[in-house]
Amino acid sequence: MNCNEAIEYIHSLEKFGINPGLDRIRALCNLLGNPQKKLKVIHVAGTNGKGSTSTMICNILRKSGYNTGLFISPYVTDFRERIQYNGNMIDKYDLAECVEKVKTAIYVLNETGIQPTEFEALTAAAFVYFKMKKCDFVVLEVGLGGRLDSTNVIEAPYVSVITSISLDHTAILGDTIEKIAAEKCGIIKFGAETVLYPFQDEKVYPVVEKTCRDKCNELKIPDASKLRIIEEKLEGTLANYDGIEFLLPLAGKHMIYNACTAIEAVRSLSRLAINISDKAIKEGIGISVMPARMELIKKHPVIILDGGHNEGCALALSEFIKKHLSDKRIIMVSSMMADKDYMSYLSVVAPFADVFIATRVDMLRALPSGKLMLSASEYCKNCHDIAVPSKAITAAQNIMQPDDVLIVCGSFYLAGEIRDNLINY
């Protein structure tokens, strides 16, 4: 099995199990020797900000001298982004080797009627890899929810982190903030500590506080009064939190709050005699970059790439536009998935577009570009339907003036498909 064959095998498995639960991943890990039991885990759940918060935690630990694994989703340009070691994607040969081991175990399970899903197989492969690399720490981002997510097979995280919570995946996680918060809180285990993103819907706090009491966790929430934003730019933000001045190369105020959450997460390790220096925090945050997260692709002309499909993502993007681009003509190119709440997203973002170009990635789940255009036309008078993403980008570039801004937003699948196109523009 080579790398491409490994990825094809992972994608060939069912996306979701018929019966949600941890039985399949437990059975799979058991056959693999339970590699997850050898890992020191920081577990991260939430609706938005999981990837950036996890990346910052990982980088701070790396700058502290620890060998660190990172498990995130989704990927943007390369599948191997999902499993990283010390800031580098998993080697192609290592991915093939780990997936081969998982495939062999799944074959045995299939004979007993147990059929692990795509994400369960990937999670197990990550556990095998992190054990093989002898990671000092693993920063583990959940795939969906928390309570029944396959990453929750771990028994005792060192720290549980809950990022910003909002409505998303309501058909699976529940149709209220309280229900979704309860699913996210499923990662909280007895005797650890929990760090919560500082600005949440007021309905989130009682759910998290009760779970922490029930699980004997100390709850830590970053103190916003200790945060001073010194300078905000398109390229990122210079800030000071509780005496640590840092430059975060991820734009948007929400990213600064994610950074504060990451800082409190690594500080909570001090109870285990693991002390992280202010220098490591500053340097770790300073190297934290991620594709398609309010990413500044170019400055002249300004091109922004932002993957995100829910209302929370839309609000973050709208705040960014109001702060930095309010005097600019904005050309927006977007694609969305049909099973997402695209109307809530559009109601927040589309009013900022002077020109809105709807497109569609080549996926069964993708919303037809014509329907996206009609939906956006409720908020923007100048809408166009260009179904092929590369042609949509070309059309946007052809009408851009030097002072205009191009914002490509919506699905991460769109970001992955056209990112190289934008970079090479």
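All of the points below concern the structure found in this document. Bear in mind that the values here come from a model prediction, so they are computed numbers and not experimental data.

### Overview of the layout of surface pockets
- Considered as a void within the structure, the second largest pocket measures approximately 290 Å³ in volume.
- Here the lining of the second largest pocket takes 4 residues from helix H3 (residues 50-63), the largest share from any one element.
- Class assignment of the residues belonging to the lining of the second largest pocket gives a composition of 10 nonpolar, 5 polar and 3 charged.

### Considering a nonpolar patch on the surface
- Together, Leu31, Tyr107 and Val108 line one region of the surface with nonpolar side chains, adding up to about 310 Å² of accessible area.
- With respect to the element layout, Val108 can be found in helix H4 (residues 92-110).
- Classification of Val108 by relative accessible area gives partly exposed; the value is 41%.

### Some words on the sheet that holds strand S14 (residues 330-335)
- The mixed open sheet is built from 6 strands, whose spatial order is S12-S13-S17-S14-S15-S16. Bordering the open sheet on either side are strand S12 (295-299) and strand S16 (383-385), each of which pairs with just one other strand. For this sheet, the mean angle separating the axes of adjacent strands, direction not counted, is 15°.
- As paired strands, strand S13 (residues 302-307) and strand S17 (residues 405-410) are joined by 6 bridges and run parallel to one another. In the strand pairing of S17, Val302 is matched with Val405.
- Relative to S16, helix H13 (residues 369-376) is tilted by about 175°, and along the sheet it contacts S14, strand S15 (355-358) and S16.

### Overview of the environment of Ile399
- Looking at where Ile399 falls in the secondary structure, it is placed in helix H14 (residues 389-399).
- Not counting the four nearest positions on each side in its chain, Ile399 is found in contact with Arg329, Ile331, Val355 and Asp404.

### Considerations on the sheet that holds strand S5 (residues 137-141)
- Taken together, the 8 strands give an open sheet; going across it, the order is S4-S3-S2-S5-S1-S6-S7-S8, and neighbouring strands pair in mixed fashion. At either margin of the open sheet sits one strand with a lone partner, and together these are strand S4 (88-89) and strand S8 (218-220).
- Judged from the 4 bridges that link them, strand S1 (residues 41-45) and S5 form a sheet pairing that is parallel. Counterpart to Ile42 in the pairing with S5 is Val139.

### Some points on the packing of helix H2 (residues 23-31) against helix H5 (residues 118-132)
- Interaxial distance between H2 and H5 falls to 10 Å at its minimum, and their mutual angle equals 35°. Between H2 and H5 the crossing geometry is right-handed. Listed contacts from H5 to Arg24, Ile25, Leu28 and Cys29 of H2 are Glu120, Ala121, Thr123, Ala124 and Phe127.
- Per-class residue counts for the contact of H2 with H5 are 6 nonpolar, 1 polar and 2 charged.

### With respect to the environment of Ile221
- Its location among the elements puts Ile221 in the loop between S8 and strand S9 (227-233).
- Sequence-wise, Ile221 and Gly87 are 134 residues apart; in three dimensions their C-alpha atoms are separated by 27 Å.
- In this view, Ile221 contacts Leu196, Tyr197, Pro198 and Tyr205; residues no more than four positions away in its chain are not counted.

### A closer look at the pattern of salt bridges
- Summed over all chains, the structure comprises 17 salt bridges.
- Ionic pairing is found between Arg80 and Asp78, a salt bridge with its closest N-O pair at 3.5 Å.
- With relative accessibility at 13%, the residue Arg80 sits in the buried group.
- Glu295 is paired through a salt bridge with Arg419; the nearest N and O atoms lie 2.6 Å apart. One end of the pair, Glu295, is in strand S12; the other, Arg419, is in helix H15 (residues 412-423), with 124 residues separating them in the sequence. Exposure class is identical for Glu295 and Arg419. Each is buried.
- When salt bridges that share partners are traced, they join Asp242, Glu264 and Arg267 into one network.

Each value, and the rule that gives it
Residues numbered from 1 in each chain as written. Predicted model: local features only at pLDDT ≥ 70, side-chain atom pairs only at ≥ 80, totals over all residues. Heavy atoms only, no water. 1 Å grid on protein atoms, 1.4 Å probe; cavity = no way out; pocket = protein on both sides within 12 Å on 5 of 7 lines; lining within 4 Å. Points joined across faces, edges and corners; volume = space filled by probe spheres on them. Helix = DSSP H or I, 4+ residues; strand = E, 2+ residues; numbered from the N terminus. Nonpolar A, V, L, I, M, F, W, Y, C, P; charged D, E, K, R; others polar. Patch = residues over 30% accessible without salt bridge, like charges linked within 9 Å, V, L, I, M, F, W, Y side chains within 5 Å. Areas by Shrake-Rupley, 256 points an atom, 1.4 Å probe, with all protein chains shown as cover. Salt bridge = Lys/Arg side-chain N within 4 Å of Asp/Glu carboxyl O. Buried < 20%, exposed > 50% of the residue type's maximum accessible area, 1.4 Å probe, protein only. Pairing = 2+ DSSP bridges. Axes fitted to C-alpha atoms, helices over the stretch in contact; angles between N-to-C directions. Contact = heavy atoms within 4.5 Å. Left-handed = near helix turned anticlockwise from the far one by under 90°.

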